[in-house]
Amino acid sequence: MRRALSLFLILSFFSAIFALPARAQSASLYLNPSSAIYTLGNTFSVDVKVNTGGEAVNAAQGVLAFDANAFEVTSVSKIGSIFTLWTQDPTVSSADGTISFGGGVPNPGFTGSSGKLFTLSLRVKTTGTGTINWASGAVLANDGKGTNILASMGGGSYALNPKITTPSAP
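This one's a predicted model, so the numbers in the text were calculated from it and none came from an experiment.

Summed over all chains, the structure comprises 2 salt bridges. For D89, the salt bridge goes to K78, with nearest N and O atoms at 2.7 Å. Placement of the pair is D89 in strand β6 (residues 85–93) and K78 in the loop between β5 (71–77) and β6, with a sequence separation of 11 residues. By relative accessible area, which is 34% here, K78 ends up partly exposed.

The next subject is the sheet that holds strand β3 (residues 43–51). Ordered in space as β5-β8-β3-β1-β10, the 5 strands form an open sheet in which the pairing is mixed. Each edge of the open sheet is held by one strand with a lone partner, namely β5 and β10 (150–154). Adjacent strand axes in the sheet meet at a mean angle of 20° when their direction is disregarded. Examined bridge by bridge, β5 and strand β8 (residues 115–124) share 6 bridges and lie antiparallel to one another. Residue S77 lies in a different strand from β8, and its bridge partner there is T119.

What counts and what doesn't
- Residues numbered from 1 in each chain as written.
- Predicted model: local features only at pLDDT ≥ 70, side-chain atom pairs only at ≥ 80, totals over all residues.
- Heavy atoms only, no water.
- Salt bridge = Lys/Arg side-chain N within 4 Å of Asp/Glu carboxyl O.
- Helix = DSSP H or I, 4+ residues; strand = E, 2+ residues; numbered from the N terminus.
- Buried < 20%, exposed > 50% of the residue type's maximum accessible area, 1.4 Å probe, protein only.
- Pairing = 2+ DSSP bridges.
- Axes fitted to C-alpha atoms, helices over the stretch in contact; angles between N-to-C directions.

Structure below.
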């Protein structure tokens, strides 16, 4: 009985040490707005944002894929970004329909539900539906290890309507 109790205590000790809880993946990358209605020829803005899920983060990176037949990216703005360091400025490839970026913020990092990374300005080129989705992404915790805590990525779907012209009076 004594030997069984000793074995139980030893196993409990080692299982407690090696079964440390893993960091929960809780961050998300998303677009704001994620849906809207726009008119052919008009320009609109979409913010690329991060929700850290309550964790301090110090970096994020990703690739967005957009429908190049539906949209033309007219500009990318870092004004108001939580990032102060960029490993890759937001870079648009109209031929591939992608926007790539990588950036960060020094210690103590950023914690929040609506951290703006950058803003896209897009011009509507056609009617129908246009989408912007995540091809890849990562959000790194400010934990000294660069733990990826990304749990979800929210894209956007936009209704693209034709211009309505009113006939002029004769």
